[in-house]
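The chain contents come next:
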Amino acid sequence: MVKIIKVKAIVSILLFITFLVTLFSGIGLMISPRGKVANMTNWIFLGLDKWQLLKVFWERNKGKINDKSKTELKLPVEIDGFKFFGLADRVDTLEDGTVEIIDYKTNKKPIDKDKREIQLGFYALALQKLGYKVSKLTLDMLKLEKPVEFGLDSEGEVTSLNGREKGFTLQEVKEKIIELAKAIANDYEQGFECADDDGACRFCGYKFYCPKWDE
Ligand code: SF4
């Protein structure tokens, strides 16, 4: 039994490292200028090469990942009649049975406060809907000195564990995403002005429905 658990843990860790290598390589390929792809074995990404980033990741996470850790966890949920879908980079089960949500970023600069709260808050709301007890939200910015960590209590209050970031509540996040969903539904029904700049459409989640890209 112990052997099976150990094998599962090793396989989980290897799969996770593979996921990270793929993630970093994918982002690098996406932003790398054409013609440089052939030199990828020596590429430098945001000032750190891929092995340095992996080293940072491993030093921060080697004591945390276990056979219960889940990666790229799909989060399809319905909130107030709207269907949402998210993909959590990693969800760890802690010793007390609660879970920690971990999102990775390779940005050089800290993420905008509102975007950070909506992303982490949505993951927490979704996991709660799926029956998990969430106690910690972590934004692991591998390029920055320390991860940004928040604790979540049973009342939905999110507070910074480092004492640096302002807290928020899951209720506030819920209100913001519902307001956004209503605005999107309204624009979809009533019509909206398409962006002139194709660059704005590059990562748009509504491209599939957008009249601009209707063939
Ligand atoms: S694809 Fe998205 S960003 Fe581009 S015009 Fe359509 S809705 Fe706007």
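Since the structure is predicted, the reported quantities are computational estimates derived from the model, not experimental observations.

Trainee: What should I look at first to understand the overall build of the protein chain in this one?
Mentor: Along the protein chain, the regular secondary structure elements total 5 helices and 9 strands. What you see in the protein chain, going N to C, is helices and strands ordered as α-β-β-α-β-β-β-α-β-β-β-β-α-α. The buried share among the 215 residues of the protein chain stands at 18%. A separation threshold of at least 6 residues defines the contact pool for the protein chain, and within that pool the share at least 24 residues apart is 49%.

Trainee: I tried to follow helix α3 (residues 113-129) on my own but got confused; where do I start?
Mentor: Note that an α-helix has 3.6 residues per turn; residues three or four places apart therefore point the same way. An ideal rise of 1.5 Å per residue puts 24 Å on 17 residues; α3 measures up with 24 Å between its terminal C-alpha atoms. Turning to α3, its buried residues are Arg116, Glu117, Leu120, Gly121, Phe122, Tyr123, Ala124, Leu125, Ala126 and Leu127. Once α3 ends, the next one or two residues include Gly131, with phi positive near 100°.

Trainee: Can you walk me through the site of the ligand in this structure?
Mentor: In the region of the ligand, the neighbouring residues are Cys194, Ala195, Ala200, Cys201, Cys204, Tyr206, Lys207, Cys210, Lys212 and Trp213. Taken together, the residues that form the shell around the ligand break down as 8 nonpolar, no polar and 2 charged.

Trainee: I tried to follow helix α4 (residues 170-190) on my own but got confused; where do I start?
Mentor: Look at α4: 30 Å from first C-alpha to last across 21 residues, which is about the 30 Å you get at 1.5 Å a residue. Of the residues trailing α4, Gly191 is marked for its positive phi of about 95°.

Trainee: I keep staring at unusual backbone geometry and nothing clicks. Help me out?
Mentor: When glycine is set aside, most residues are seen to have a negative phi, and most peptide bonds are trans. A positive phi is found at Glu72, a non-glycine position, where the angle reads about 45°. Here Glu72 shows up in strand β3 (residues 70-79). With phi around 50°, Asp80 is a residue other than glycine that occupies positive phi space.

Trainee: Explain the nonpolar core here, please?
Mentor: Grouped together as the largest cluster of nonpolar side chains are 26 residues, with contacts concentrated most on Ile101, Leu120, Tyr123, Ala124, Leu127, Val134 and Leu137. Elements that contribute at least two residues to this core include exactly β4 (82-93), β5 (99-105), α3, β6 (134-141), β7 (148-152) and α4. Residue contributions to this core peak at 7 residues, all from α3. In this view, Leu120 contacts Ile101, Asp103, Leu137, Leu139 and Phe150; residues no more than four positions away in its chain are not counted.

Trainee: Please clarify how the pairing of β4 should be interpreted in this entry.
Mentor: The pairing of β3 with β4 spans 9 bridges and is classified as antiparallel. Considered in β4, the bridge of Ile79 is made with Phe82. Two successive antiparallel strands, β3 and β4, enclose a turn made up of 2 residues, where Asp80 displays a positive phi of approximately 50°. For β4 and β5, the ladder comprises 4 bridges, and the chain directions are antiparallel. Residue pairing across strands places Arg90 opposite Ile102, the latter belonging to β5. Between β4 and β5, which follow one another and run antiparallel, lie 5 residues, and Gly97 among them has a positive phi close to 90°.

Definitions and cut-offs
Residues numbered from 1 in each chain as written. Predicted model: local features only at pLDDT ≥ 70, side-chain atom pairs only at ≥ 80, totals over all residues. Helix = DSSP H or I, 4+ residues; strand = E, 2+ residues; numbered from the N terminus. Buried ≥ 20, exposed ≤ 12 C-beta atoms within 10 Å, placed from the backbone. Contact = placed C-beta atoms within 7 Å. Expected span 1.5 Å × (residues − 1). Near = placed C-beta within 6 Å. Nonpolar A, V, L, I, M, F, W, Y, C, P; charged D, E, K, R; others polar. Core = buried A, V, L, I, M, F, W, Y, C linked by C-beta atoms within 7 Å. Pairing = 2+ DSSP bridges.

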